[in-house]
Amino acid sequence: MELKTIAFYNWVYPGGGGETVTRNLGHFFRSKGFRIVIYAGTLFEDILTEEDRRDFTRITVPLKAQGNKQIDYDAFCQSLNSEQVDCLIVQGMVHTDFARIRRDVGCKIIFCIHSIPLWEVRAARSKRCSDLPKPTLLKKLEFLLFRQPTNLLTNKLKHRVLKSYTEVLPHLDRLVMLCPEYKEEMQLQIRKSGYPGSKAPDEKFMSISNPLLPPLFPVDRETPKEKTVLYVGRLKREDKRVDRLLTIWQKIERSIPEWRLQILGRGEEMETLRKQAARLGLKRIEFMGHQTDVVPYYRRASFICLTSNFEGLPMCLIEAQQYGVIPVAFDSFAAIRGITENGKAGIMVPAFNKRKYAARLKAVLLDNDQQEQMRKHCYDAPSKYDIQVIGQQWLDLFSEL
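Positions within a chain are numbered from 1, following the residues in the order the chain's sequence is written. Given that the model is predicted, a residue must reach a pLDDT of at least 70 before its local features are reported, and side-chain atom pairs must reach 80 or more before they are shown or counted; all residues, however, enter totals for whole chains, interfaces and linings. Side-chain metrics rest on all non-hydrogen atoms present in the structure, leaving aside hydrogens and water.

S.K.: Can you break down helix H7 (residues 156-168) residue by residue, with the values?
M.R.: In this description a helix means any DSSP run of H or I spanning at least four residues, a strand means any run of E spanning at least two, and both kinds are numbered starting from the N terminus. Given a helix with a known number of residues, its expected span is that number minus one, times 1.5 Å. Between its first and last C-alpha atoms H7 spans 19 Å; for 13 residues at 1.5 Å apiece the expected length is 18 Å, and the two agree. Exposure categories follow from relative accessible area, calculated using a 1.4 Å probe and restricted to protein chains: below 20% of the type maximum is buried, above 50% is exposed, and the middle band is partly exposed. Taken as a whole, H7 has its buried residues at Leu-157, Val-161, Leu-162, Ser-164, Tyr-165, Thr-166 and Val-168. Buried residues along H7 sit in contact with helix H4 (98-104), strand S5 (108-112), helix H5 (119-125), helix H6 (137-153) and helix H8 (180-193). What makes two residues a contact is simply this: any of their non-hydrogen atoms within 4.5 Å.

Spelled out as structure tokens, the structure:
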């Protein structure tokens, strides 16, 4: 089947890492002659780039009622047919009605997971009572006495998540993970579950890394770096845990008086994090909000830090590396080893040990020679994620469908 129109489905657009992947791949596919449609539950038209407006047909996913998060699949499928979509790439939403789309549209369907295998389990186990929407007393009691103990002490949630994946597999052409380790782990977990659909053929599982765009202008490796540490990403507690970074910064701020921390991004945790920074008495921290163009920050910064519960393949680290920014992250996801080249092009800290994170970050902030050695590796490390390399893997996949 010759593919002419490729559609992406994100819950929001533009947004974080998954949405950046949609943008970069979309423009690459457009350059190869494909027509590109972007479907999103929420479209932030005010922060679209001119290139987005030029290259993409943009459609808000129809909902059953205003303010309702339930998708109107009659209207969605009608739109997919009207736009003559040949291949739909769904970015990370397993509860999409793939069976309905397969039946009523018949297009090829690729489901991409932009995180670790079974990330939903890790996210649920990290939730707090205060994270509940509109937490009434009854909701709090139910969470504390039943849901949280069940999630932490049993595998009920894990089996429920696995069942949801095995149910959608028959309706997918490919399930795409971010690296071979994730693909193997996901395939193993699904096979072991024994649920209907768990015996899906091996070719349904594959791995393709996220793509990286080359710098718009040549990177001057001799440009002096400022004493700036960055965080770039969503401000969302269940996975990103920026609160940990603020606690770590509080441990070292006084001993590194020339350094500052900049937080780039927006999200539900913004006000909570501002209050935490004030409570900790942080003096050299700046909340920069959402930045459409983060390159000027990458050019100036020396380090970029993540303190997440989990990540898939965090593009902010890879994007920053090509400008010589050194990543620091917990060793809590397999992809970090490839990004940092096992410590040559970045720093991995034992998972969730804030004391060791603070100590290692402080040590390298004070060691110019170590910074220079790591920075040299950082400039070259991202080449394996180049858009031409990753884009060709997608073109090869399209030719197989």
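S.K.: Please give an account of the environment of Glu-238 that cites residues and values.
M.R.: Summarising the element assignment, Glu-238 is placed in helix H9 (residues 237-240). On a C-alpha basis, the gap between Glu-238 and Leu-43 in space is 23 Å, while along the polypeptide they are 195 residues apart.

S.K.: Quick one: what's the story with the pairing of strand S8 (residues 228-232), residue by residue and with numbers?
M.R.: For S8, the tally of buried residues reaches five of five residues, placing the bulk of the element in the interior. Here S8 shows a buried face lined by Thr-228, Leu-230 and Val-232 and a second buried face lined by Val-229 and Tyr-231. DSSP-based pairing: two strands are paired if at least 2 bridges between them are found. Two strands pair when backbone bridges link them, and S8 and strand S9 (residues 260-264) are joined in this way by five bridges, in the parallel orientation. Each residue of the ladder has a partner; that of Leu-230, found in S9, is Gln-262.

S.K.: Mind laying out the nonpolar core, listing which residues take part and the relevant values?
M.R.: Counting 135 residues, the largest nonpolar core has Phe-29, Trp-394 and Phe-398 as the members making the most contacts within it. Among residues more than four places away in sequence, those in contact with Trp-394 are Leu-25, Phe-29, Ile-89, Ile-110, Cys-112 and Ile-208. Residues belong to one nonpolar core when they are buried, are Ala, Val, Leu, Ile, Met, Phe, Trp, Tyr or Cys, and are joined through side-chain atoms within 4.5 Å.

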